[in-house]
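Residues per chain, in single letters:
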Amino acid sequence: APGYTSPEVIQKKPHAFPVDFYGLGITLYEAATLEALFTDDNEKNIKLMENLALHRANIPARFGDAFVDFLNGLLKFDPKQRLGSKGINELKNHAWFKDFDWRALEKGDLQPPYVPSIEEKQEFRPKQRMENYKQIRRASLQKIFQGYQYGIAVTENSKKSEHNMI
């Protein structure tokens, strides 16, 4: 969706898993601030993305400095510099997770802080699914995925029958 897409995808460059870490950074920012980081079309945002540096004042105080540092790491323009580009342990070992029990998570021993009731789940699903479907099907959103297939990027330099693996 616009505003969640990494710079390398917008620029139709070959890419790999760091695009997901960029999307995670955008999602965490929005969860913390309840505001979109980028609101215009992605093409207009590319210059903003290149120089992006979130400041402490932009994030509610309850999230702390480690969270701001974590977001800035995830939102690096260059995917090779992005937090997590050297592997998932880069994220797991970040200061923001210093008190998180990864072993308990892996063993399935952690309990979620909130579990919605069946009534809440049923009430949410139909409305949200329809809204998600409408958002995904917008023509302006679909155009950014032209030339892409699942796991394959078709580049201008490739022949019609050749595909470059992402």
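So, how was this worked out
Counting restarts for each chain: residues are numbered from 1 in the order of the written sequence. For this predicted model, a pLDDT threshold of at least 70 governs which residues receive local features, and a threshold of 80 or more governs which side-chain atom pairs are given and counted, while totals over whole chains, interfaces and linings are taken from all residues. Hydrogens and waters are ignored; side-chain quantities use all the structure's heavy atoms. Pairing of aromatic rings covers Phe, Tyr and the six-membered ring of Trp, with a centre-to-centre limit of 6.5 Å; geometry is then stacked below 30 degrees between planes, edge-to-face above 60, and tilted otherwise. Relative accessibility under 20% of the residue-type maximum defines a buried residue, over 50% an exposed one, and the middle range a partly exposed one, all with a 1.4 Å probe and only protein chains included. Among the buried residues, those of types Ala, Val, Leu, Ile, Met, Phe, Trp, Tyr and Cys that are joined through side-chain atoms within 4.5 Å form a nonpolar core. Strands are runs of DSSP state E lasting at least two residues, helices are runs of H or I lasting at least four, and both sets are numbered from the N terminus onward. The criterion used for residue contact is that any of the two residues' heavy atoms lie within 4.5 Å. Every case where a carboxyl oxygen of Asp or Glu lies within 4 Å of a side-chain nitrogen of Lys or Arg is listed as a salt bridge. Axis angles are defined between N-to-C directions and span 0 to 180 degrees, where every axis is a line fitted to C-alpha atoms and, for a helix, only to the segment in contact. When the near helix sits turned anticlockwise from the far one by under a right angle, the crossing is termed left-handed; a clockwise turn instead gives a right-handed crossing. For this scheme, ten residues count as nonpolar: Ala, Val, Leu, Ile, Met, Phe, Trp, Tyr, Cys and Pro. Four count as charged, namely Asp, Glu, Lys and Arg, and the remainder, Gly too, count as polar.

Details of the packing of aromatic side chains
To describe a pair of aromatic rings, you give the distance between the ring centres and the angle between the ring planes. Taken as a whole and assessed by the stated rule, the structure comprises eight aromatic pairs. Between Phe-100 and Trp-102, the ring centres sit 4.6 Å apart and the planes meet at 65°, which makes this aromatic pair edge-to-face. Given a relative accessible area of 35%, Phe-100 falls into the partly exposed group. By relative accessible area, Trp-102 is classed as partly exposed at 22%.

Description of the nonpolar core
Membership of the largest hydrophobic core comes to 19 residues, with the highest contact counts inside it found for Leu-37, Phe-70, Leu-71 and Leu-74. Elements that contribute at least two residues to this core include exactly α2 (18-33) and α4 (64-74). The element best represented in this core is α2, accounting for six residues. Among residues more than four places away in sequence, those in contact with Phe-70 are Leu-28, Leu-83, Leu-91, His-94, Trp-96 and Phe-97.

Let's talk about the pattern of salt bridges
If you walk through the whole model with that rule in mind, you get three salt bridges. A salt bridge links Lys-98 to Asp-99, with the shortest nitrogen-to-oxygen separation between them at 3.8 Å. Look at Asp-99 and you get exposed, because its relative accessible area is 68%. Among the salt bridges present, the one from Lys-107 reaches Asp-109, with a minimum N-O distance of 3.7 Å.

Observations concerning the packing of α2 against α4
Between α2 and α4, the shortest axis-to-axis distance is 8 Å and the interhelical angle comes to 145°. In terms of crossing hand, the pair formed by α2 and α4 is left-handed. Contact with α2, carried on its side by Phe-21, Tyr-22, Leu-24, Gly-25, Leu-28, Tyr-29 and Ala-32, involves Phe-67, Phe-70, Leu-71 and Leu-74 of α4 and no other residues of that element. Tallied by class, the residues present in the contact of α2 with α4 amount to 10 nonpolar, one polar and no charged.

Focus: the side chain of Arg-82
Tracing the chain through its elements places Arg-82 in the loop between α4 and α5 (88-92). A relative accessible area of 0% means that Arg-82 is categorised as buried. Residues contacting Arg-82, with those up to four places away along its chain left out, are Ser-6, Pro-7, Glu-8, Pro-18, Val-19, Phe-21, Tyr-22, Gly-73, Leu-74, Lys-76, Phe-77 and Glu-90.

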